[in-house]
Every structure is written in C-alpha cells, then in structure tokens.
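Residue-level listing of the chains:
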Amino acid sequence: MCRWMGWLGEAILIDELLFKTQHGIVDQSLHSRMGAEPTNGDGFGLGWYGDGDGPGVYHSVAPAWGDANLRELAAHIESPLFLAHVRAAIGSPIQGTNCHPFRRGRWLFVHNGYIADFHLLRRDLMLAIEPTQFPEVRGSTDTEVVFHLALTLGLEADPLGALERTVGLIEATAGEHGVGAPVQATFGVSDGTCLWAVRYASEGPARSLFASVDVDTVKRLHPENARLQQVSEGDRVIVSEPFSDLPGLWQEIPEATAVCVRRGGVLEERPFVPRVETLA
C-alpha cells in the first residue's frame, strides 16, 4: 500500500530521518518489511512546518530513492513537525495530485490502506463533502476524499472525532452498496501543533503502526549509542514500521486505536470507535 512517518520534537534536518536512518522512510520505499508490498515507488510527498504561514509541501511522482531534489531539500530544511509518505498505487493514477500529504490551510493528512470498492462508493462519498470544499478535490484517490469528508465532519475542531464520523459514514455507505470490510487504514493528521494517528480496519488485521518510546527509555536502553543519546526530551516519531532493529525503541499502536502526540513528547492513546453522525 504505502508507508508514512510523522515527526514532532526539536527542529531537525529532515534528512536525518529520511536518508540517514537505518530503515527510514526512503529505505522503506525500496525494502518495506511490514507493508503489503516491499516496494513503494509510485510517488513521494513531504509536508513540513517552519517559519512560513502554514505547512510547505513537496510532491513528486518519482521514486523517493532516486529523487535528487528531495535529497537536496531534506539536507537543508529543518522542521519541528513533518509528515513524509511513499506511495504504492493500487488503482488511481501515478500523478502529482495523488501524492500525499494532502493539505488544506494548516492541516496535513496522510493515509496507508484503502477504501474497498471505492469506485462503487466514490459518488456517494464525494456528494457528502461540503460544497465549498468540493473544488479543492484535485486528485482521484480515496485518501483525498477521506480528508475532505473529515474536514466536512469537523476535523479542524475535533480531529479524532471527525475521523470516527468519517469512517462511520464510509462503512454505512459501503453497507448500502453491499461492500464488506470497506476501511483498511492508518491515518496521520497534523495542524502544526499536534500529531494525530489512527490504526483501524473494518475487518481483519489493520496495517502496521508504531510510536517511538519516551526519550528517557531510549537513552537508558542504549547508553552506548551516541546518536540516540543526542535525542532531545519530547521527541517522538510515528511510523508505519520501525526505523531500526534496536530492541525497546518502538511500541506498537494497538488496532482500533487513536493516538495524539503533543509538544513535550506527551503521547495520549484512546479507542477509535467509528460512528454515524453529522454536524448539527
């Protein structure tokens, strides 16, 4: 499907996690160990927060491992919060408008997974998008539709609640069309202040998702690792699959679970329960 990561912590050069990590997101684009496909070479996207107004984005349909512009940018951009995504297309075209992260205002959104039989559900789901947002849907992926549904259902005020309502709407719509097990997903969302993530599947095992453990634990477990000893208090990363084989550094996010990472490295966890509900 895809692989993605999100970083929240001290501002770092982005290439520290994209290129200089043992099994970072660029390595995962070639050699995914836990994804549905080992290769995710159908485009790349990066969204980062810095000094400008809202997040910057960079999208490319080239494979991440061969994108010289990405390597150049990542070596010179520092950010305290960014999302990166490598894509494995499963039905929609390989084009720039289909690359994650998707952006609206200060919000960024990424997804690994799929909406089953999306071609059967697409019309009904798109008609549920707030009309003023409809012109902003520029690509053809299920992910972009999910993002705009979530915005319609209150993402900016209540990100996790909006995603629960969105998944509930998708599952209800799928039921009307006789489509079973419609949602397979991990989602990543940010407004530049917090980082939210969800792991959920309507049926069967959900796609993998992990969070780094707290920094004190990292340093205590691996005092011999000079690089890990430089990690700052409050740094956290959410990943589709672990960046290294070192033991004790990663905690698996349970299925049907949502997490919120706040400044200072605080990680809050709660059940993710889809429901059919609309805004008043």
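Notes on the structure follow. Everything numeric here is computed off the predicted structure, so don't read it as measured data. What you see as residue numbers is a count from 1 along each chain, following the sequence as written. Local features in this predicted model are restricted to residues whose pLDDT is 70 or higher, and side-chain atom pairs enter the listing and the counts only when it is 80 or higher, whereas totals over whole chains, interfaces and linings include all residues. For the side-chain quantities, the full set of heavy atoms in the structure was used; hydrogens and water were omitted.

## Here's the deal with the sheet that holds strand E10 (residues 236-239)
Paired through backbone hydrogen bonds, the strands of a sheet run either parallel or antiparallel to each other.
For step 1, the next point in the chain: Between any two strands, at least two bridges found by DSSP are needed for them to pair. Each helix is a run of DSSP H or I of at least 4 residues and each strand a run of E of at least 2, with the numbering of both proceeding from the N terminus. On the basis of which strands lie adjacent, the open sheet formed by seven strands has the order E3-E2-E4-E1-E10-E9-E11 and antiparallel pairing. Here the strands that pair on one side only, and so sit at the sheet edges, are strand E3 (56-60) and strand E11 (250-252). For this sheet, the mean angle separating the axes of adjacent strands, direction not counted, is 15 degrees.
For step 2, the next point in the chain: Relative to E10, strand E9 (residues 210-212) is paired through two bridges, and the arrangement is antiparallel. Each bridged residue has a counterpart across the sheet, and for Phe-210 the counterpart in E10 is Val-239. Axes, fitted as lines to C-alpha atoms, cover a helix only where it is in contact. Angles between the N-to-C directions of the axes lie from 0 to 180 degrees.

## So, unusual backbone geometry
What you tend to see is this: most non-glycine residues have negative phi, and most peptide bonds are trans.
For step 1, the next point in the chain: Put simply, His-100 and Pro-101 share a cis peptide bond, and its omega is -5 degrees.
For step 2, the next point in the chain: Mapping Pro-101 onto the fold places it in the loop between strand E4 (78-87) and strand E5 (102-104).
For step 3, the next point in the chain: Backbone geometry places Ala-181, a non-glycine residue, at a positive phi of 45 degrees.
For step 4, the next point in the chain: Within the secondary structure, Ala-181 sits in the loop between helix H6 (159-176) and strand E7 (183-190).
For step 5, the next point in the chain: Positive phi outside glycine occurs at Ala-256, with the angle close to 55 degrees.

## Description of the pairing of strand E8 (residues 195-201)
For step 1, the next point in the chain: Buried, partly exposed and exposed residues are distinguished by accessible area as a fraction of the type maximum, computed with a 1.4 Å probe on protein chains only: under 20%, between the cut-offs, and over 50%, respectively. Most of E8 is tucked away, with seven of its seven residues classed as buried.
For step 2, the next point in the chain: Side chains of E8 alternate between two faces, with Leu-195, Ala-197, Arg-199 and Ala-201 and Trp-196, Val-198 and Tyr-200 buried alike.
For step 3, the next point in the chain: For E7 and E8, the ladder comprises seven bridges, and the chain directions are antiparallel. Note on E8: the bridge partner recorded for Gly-188 is Ala-197.
For step 4, the next point in the chain: Between E7 and E8, which follow one another and run antiparallel, lie four residues, and Gly-192 among them has a positive phi close to 95 degrees.
For step 5, the next point in the chain: Both E8 and strand E12 (residues 257-262) contribute to a ladder of five bridges, which runs antiparallel. When the bridges of E12 are listed, Ala-197 appears paired with Val-259.

## Observations concerning the packing of aromatic side chains
For step 1, the next point in the chain: Each Phe, Tyr or Trp ring (for Trp, its six-membered ring) is paired with any other whose centre lies within 6.5 Å, and the angle between the two planes then decides the class: stacked below 30 degrees, edge-to-face above 60, tilted in between. For the structure on display, the rule yields five aromatic pairs.
For step 2, the next point in the chain: When the ring of Phe-109 is compared with that of Phe-147, the centres are 5.1 Å apart and the planes differ by 10 degrees; the resulting orientation is stacked. A residue pair is termed long-range when its members are at least 10 positions apart, and Phe-109 in strand E6 (residues 107-115) and Phe-147 in helix H5 (residues 142-152) qualify at 38 residues.
For step 3, the next point in the chain: What makes Phe-109 buried here is its relative accessible area of 0%.
For step 4, the next point in the chain: Exposure remark for Phe-147: the relative accessible area of 0% places this residue in the buried category.
For step 5, the next point in the chain: An aromatic cluster is built from Phe-109, Phe-147 and Phe-187, whose rings are joined through pairwise contacts.

## Section: the environment of Glu-203
For step 1, the next point in the chain: Within the secondary structure layout, Glu-203 lies in the loop between E8 and E9.
For step 2, the next point in the chain: Spatially, the C-alpha atom of Glu-203 lies 20 Å from that of His-119, the residues being 84 residues apart in sequence.

## As for the pattern of salt bridges
Opposite charge on two side chains makes pairing possible when the charged atoms of those side chains draw close.
For step 1, the next point in the chain: One side-chain nitrogen of Lys or Arg within 4 Å of one carboxyl oxygen of Asp or Glu is enough to make a salt bridge. Applying the stated criterion across every chain yields a total of 12 salt bridges.
For step 2, the next point in the chain: Arg-270 is the partner of Glu-164 in a salt bridge, and the nearest nitrogen-oxygen pair spans 2.9 Å. Separated by 106 residues along the polypeptide, Glu-164 in helix H6 and Arg-270 in strand E13 (residues 266-271) bring together distant segments of the chain.
For step 3, the next point in the chain: Classification of Glu-164 by relative accessible area gives buried; the value is 4%.
For step 4, the next point in the chain: The closest approach of N and O atoms between Arg-262 and Glu-268, which form a salt bridge, is 3.2 Å.
For step 5, the next point in the chain: Under the relative-accessibility criterion, Arg-262 is labelled partly exposed at 34%.
For step 6, the next point in the chain: Judged by relative accessible area, Glu-268 falls into the partly exposed class, the value being 36%.
For step 7, the next point in the chain: A single salt-bridge network, built from bridges that share partners, covers Asp-15, Glu-16 and Lys-20.

## Things to note about the sheet that holds E12
For step 1, the next point in the chain: Strand order in this open sheet of six strands is E5-E6-E7-E8-E12-E13, and the pairing throughout is antiparallel. The two strands at the open ends of the sheet, each matched to only one other strand, are E5 and E13. For this sheet, the mean inter-axis angle between neighbouring strands, taken without regard to orientation, is 15 degrees.
For step 2, the next point in the chain: Here six bridges tie E12 to E13, and the two strands are oriented antiparallel to one another. Bridge pairing in E13 places Val-259 opposite Glu-269.

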